[in-house]
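Here is how the chains run, residue by residue.
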Amino acid sequence: MITRFIDRHQRWLFPAPAVIFIVVMMIFPLGFTLWNSFSGWSLTAGRPNTFIGPQNYFDLLRDARFWNAVLNTFYFTALAMAVELALGVAMALLIDARDYPGKRIVTSLLLLPMMATPVAVAMVWLLMFEPTAGVINFVFGQLGLPKQLWIAGSSSVIPSLVLVDVWEWTPLITLIVLAGLAGLPSEPFEAARVDGASYGQTLWRVTLPMLLPTISVAGLLRFIDCIKTFDIIYGMTGGGPGFSSETLNIYTYNQAFYYFNFGYASALLVIFFTIVSGVSLLVAYSRRRLEV
Amino acid sequence: MQTSTTRLQRRPRRIVVNVLYAIAMLSVVFFMLTPFLWMVLNAFKTPLQIIKLPPELIFTPTLRNFENVFGTQNFMRYITNSMIIGAGCTLIGLLIGLPAAYSIARHRQNRLALTILMARMVPGITFLVPLFIVFRTLGLVDTYTSLILTHMLVGLPFIVWVMVPFFESIPRELTEAAVVDGASAVRAFVSVVLPLSGPGIVTASILSFVFSWNNFMFSIVLASSRTRTVPVAIYNFISYAQIDWGGLMAAAVVITLPVLVLAIVTQRYVIRGLTAGAIKG
């Protein structure tokens, strides 16, 4: 009786538990956030959960710390993505160029940075970046390069954090591009060889154009993760020095869990969510245009 | 004449290219491994050795840092917490994710697939703030329940992402034959489809477990004294005025090592799982 019922309705019964999870843990929170963003709710300011209209959004527009966070987020994301895509593709082409014993070991080493616990990794970089006793400044000194403040300096903090993100996530791009390279048809390369194309010509005219869809998906994946980077930034700087590495994610976190301004934090979340989905949709759309 | 000179020139050039290639590969490997090397080296050093310049690469190792981490810091407790949360999030994730992924694969329920993948796209903090308010009202902050539920937001998309293409590759005829033989839909799924999906389930479970083990943001908000996980515990090391670098590095070794061993042992599956969505798309 019950099995017959399940058989007949398996189309929606199989995914039902997952759908309930999605509604309770994703859709309800999103709606609740939208609702809260019109509330003045704050535990620290002692304001109750009352409706205040779009006031939070007006306040946000005049909030210098918000605009600072927007700039930091895009600076971090753009720099990290540019370096990771360039390095990741270069590393994949490098690894793919030759066969030698031990090649498999190199590909498995690629997994280590991105599987390692980000907070643990952040702590190691914290020690290496240490301005006086850190190994990076020691090596800089030995090479005759000027010592840097790294994450302790307000202008060097974001590039330093990008370095950590590059170390952690460039391998993902390399792995994706390697898989893409393995899936390319061999005919165009043979044709290029027959026509006497040089390595550079083959790379620019054949390999890279054919890899473009793979590279753009890798880029989209990185965008989604870069823009919400939390662990290494919060773990190493907490948004400092001052607010110079405070991204939207960190600022929202502070508003919600340091100041407990739930209403204001919710308005921030709505903006953050809109930016992320907007750019993702734009990328997905332009990708489709590219392919057609 | 022309050809013979180029052939003569080509051999030394080939050697130069090979040497350059080897140097490039070695620098890539060196860059990737240095932080791990540094972590392990300093985990076995005394505080004075850690700040000594130039850094010593050969020294008498000490186990003091590890004794500290497991003795005074009660790290075993945090490891147990992380294990319980990671296993819970993965098991429940499989329980609800596998049938959903199967249904998506069989009935082309693309809208459902997209909604689940949305959890991968949307910044976790968007869910965390409202859920924290709810969990606070329900008295669920600092319980395994709230941590497992939030970690599933990370694990479930991985499970669905890995399993949908996997189920799509299993021929429909197999389940149809089972149904003709009188098996129910659930029976056909459990005893025909699942036994063929071993590698997919392994990949999905590893990714779900590892990303739960590594998760920091959900845990730092929702876990405190009773359910503190390892990433939060290691972060708490630096909140003291004087950073205990040796203990910090020892703790980093303890929490990274199991994950790295797991990743290396199952690398073939993990690489496929991490890149699956990208290649298909």
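Think of each chain on its own: its residues are numbered from 1, step by step along the sequence as written. Chains carry letters and ligands carry numbers; both start at the beginning, A for chains and 1 for ligands, and go up in the order they are written. Whole-chain, interface and lining totals are the exception, using all residues; otherwise, since this is a predicted model, local features are given only for residues with pLDDT of at least 70 and side-chain atom pairs are given and counted only at 80 or more.

### What about the overall build of chain B?
Rules: Secondary structure elements follow DSSP: runs of H or I no shorter than four residues count as helices, runs of E no shorter than two count as strands, and numbering proceeds from the N terminus. The globule rule used for comparison is 2.2 Å times the number of residues to the exponent 0.38, while the radius of gyration itself is calculated over C-alpha atoms. Here, residues touch in the contact sense if the C-beta positions derived from the backbone fall within 7 Å of one another.
Scanning chain B from terminus to terminus reveals 14 helices and 0 strands. Beginning at the N terminus, the succession of helices and strands in chain B can be written as α-α-α-α-α-α-α-α-α-α-α-α-α-α. Computed over the C-alpha atoms, the radius of gyration of chain B is 25 Å, more than 25% above the 19 Å expected from 2.2 N^0.38 for a compact globule of 281 residues. Its C-alpha atoms give chain B principal-axis dimensions of about 75 × 70 × 30 Å. Partitioning the contacts of chain B with sequence separation of at least 6, the portion at a separation of at least 24 is 79%.

### Brief notes about the overall build of chain A
What chain A contains, in helices and strands, is 14 helices and 0 strands. Listing the helices and strands of chain A from first to last along the sequence gives α-α-α-α-α-α-α-α-α-α-α-α-α-α. In terms of overall size, chain A is more extended than a compact globule, its C-alpha atoms giving a radius of gyration of 24 Å where 292 residues would be expected to give roughly 19 Å. Counting only C-alpha atoms, chain A reaches 75 × 75 × 35 Å along its principal axes.

### Description of the nonpolar core
Heads up, the condition is: Nonpolar cores are built from buried Ala, Val, Leu, Ile, Met, Phe, Trp, Tyr and Cys residues. These are joined into a set through C-beta atoms within 7 Å. Each residue is classed by its C-beta neighbour count within 10 Å, where at least 20 other C-beta atoms makes it buried, 12 or fewer makes it exposed, and intermediate counts make it partly exposed; the C-beta atoms are placed from backbone geometry.
In this structure, A:Val124, B:Ala101, B:Ile234 and B:Ala252 are the most contacted members of the largest nonpolar core, which totals 157 residues. Per-element tally for this core: the top contributor is helix α7 (residues 144-168) of chain B, with 16 residues. Other than its neighbours up to four places away in sequence, A:Val124 contacts B:Pro35, B:Trp38, B:Met39, B:Met249 and B:Ala252.

### Examining the packing of helix α6 (residues 103-115) of chain A against helix α13 (residues 245-265) of chain B
Between two packed helices, the angle of one axis relative to the other and the distance separating the axes together describe the packing. Where we set the bar: Each axis is a line fitted through C-alpha atoms, taken for helices only over the stretch in contact, and angles between the N-to-C directions span 0 to 180 degrees. Rotating anticlockwise by less than a right angle from the far helix to the near helix defines a left-handed crossing, while the corresponding clockwise rotation defines a right-handed one. Residues were grouped as follows: Ala, Val, Leu, Ile, Met, Phe, Trp, Tyr, Cys and Pro as nonpolar; Asp, Glu, Lys and Arg as charged; and all remaining residues, including Gly, as polar.
Following both chains from N to C, one finds α6(A) and α13(B) inclined at 145 degrees, their axes separated by 9 Å at the closest point. The handedness of the crossing between α6(A) and α13(B) is right-handed. Each of A:Ser108, A:Leu111, A:Leu112 and A:Met115 in α6(A) lies in contact with α13(B), whose residues at this interface are B:Val259, B:Leu260, B:Ala263 and B:Ile264. Residue composition of the contact of α6(A) with α13(B), by class: 7 nonpolar, 1 polar and no charged.

### Comments concerning the interface of chain A and chain B
Tallying the contact residues gives 71 residues for chain A and 74 residues for chain B. Sorting elements by how many residues they give to the side of chain A that touches chain B places helix α3 (residues 16-36) of chain A first, with 11 residues. In the side of chain A that touches chain B, the residues fall into 52 nonpolar, 14 polar and 5 charged.

### Topic: the domain arrangement of chain B
How big an interface is tends to be stated in terms of the accessible area lost upon association of its parts. Definition in use: The domain limits used here are those given by an automatic or database domain assignment.
Domains assigned within chain B are domain 1 (1-32) and domain 2 (68-280). In this structure, domain 1 of chain B and domain 2 of chain B have C-alpha centres spaced 45 Å apart.

### So, unusual backbone geometry
Residues and elements named next belong to chain A. Residue Pro241 is bonded to the preceding Gly240 through a cis peptide linkage, with omega at -5 degrees. Relative to the elements of secondary structure, Pro241 occurs in the loop between α12 (231-236) and α13 (248-257). Of note in the backbone geometry, Phe260 takes a positive phi value of approximately 55 degrees without being a glycine. Topologically, Phe260 is positioned in the loop between α13 and α14 (262-291).

### A short note on α3(A)
Our working definition: A helix is expected to span 1.5 Å multiplied by its residue count minus one.
Between the first and last C-alpha of α3(A) there are 28 Å, a value that for 21 residues agrees with the 30 Å anticipated at 1.5 Å per step. Within the sequence span of α3(A), burial applies to A:Ala18, A:Phe21, A:Ile22, A:Met26, A:Pro29, A:Thr33 and A:Asn36.

### Section: the packing of α3(A) against helix α6 (residues 124-138) of chain B
Condition: Angle categories: roughly parallel below 35 degrees, roughly antiparallel above 145, roughly perpendicular from 65 to 115, and oblique for all the rest.
Where α3(A) meets α6(B), the closest approach of the two axes is 8 Å, and the angle between their N-to-C directions is 75 degrees. With respect to α6(B), the axis of α3(A) lies roughly perpendicular. In this structure, α3(A) contributes A:Met25, A:Met26, A:Pro29, A:Leu30, A:Phe32, A:Thr33 and A:Asn36 to the contact, and α6(B) contributes B:Thr126, B:Phe127, B:Val129, B:Pro130 and B:Leu131. Residue composition of the contact of α3(A) with α6(B), by class: 9 nonpolar, 3 polar and no charged.

### Things to note about helix α5 (residues 110-121) of chain B
Inclusion rule: Throughout, the arc means that of the directions going from the helix axis to the C-beta atoms.
The end-to-end C-alpha distance of α5(B), which contains 12 residues, comes to 16 Å, matching closely the 16 Å that a straight helix rising 1.5 Å per residue would cover. By the burial criterion, the buried members of α5(B) are B:Leu112, B:Ala113, B:Ile116 and B:Ala119. Angular distribution of buried residues about the axis of α5(B) spans 105 degrees; they occupy a single face of the element. In α5(B), the exposed positions that point more than 90 degrees away from the buried face belong to B:Asn110, B:Arg111 and B:Leu114. Tucked inside the fold, the buried residues of α5(B) contact α3 of chain A together with α4 (75-107) and α7 of chain B.

### Here's the deal with the confidence of the model for chain B
Residue and element names in this part refer to chain B. Quick note on the threshold: Per-residue confidence from the prediction method is given by pLDDT, with values spanning 0 to 100.
Mean pLDDT over chain B stands at 86; residues scoring 70 or higher make up 93%. When mean pLDDT is compared element by element in chain B, helix α11 (residues 217-222) scores highest at 94, while helix α14 (residues 267-280) scores lowest at 68. The ipTM assigned to the predicted complex is 0.89, against a pTM of 0.90.

### Notes on the environment of A:Leu212
Residue and element names in this part refer to chain A. Take Leu212: it is sitting in helix α11 (residues 199-226). Judged by the 13 C-beta atoms lying within 10 Å of it, Leu212 is partly exposed. With 74 residues separating them along the chain, Leu212 and Phe138 place their C-alpha atoms 40 Å apart.

### Section: the environment of B:Asn65
Residues and elements named next belong to chain B. Along the chain, Asn65 falls in helix α3 (residues 64-71). Taking the C-beta count within 10 Å as the criterion, Asn65 has 26 such neighbours and is therefore assigned buried. Between the C-alpha atoms of Asn65 and Val19, which are 46 residues apart in sequence, the distance is 41 Å. Non-local contacts of Asn65, meaning those with residues more than four positions away in its chain, are made with Ala43, Gly246, Gly247, Met249 and Ala250.

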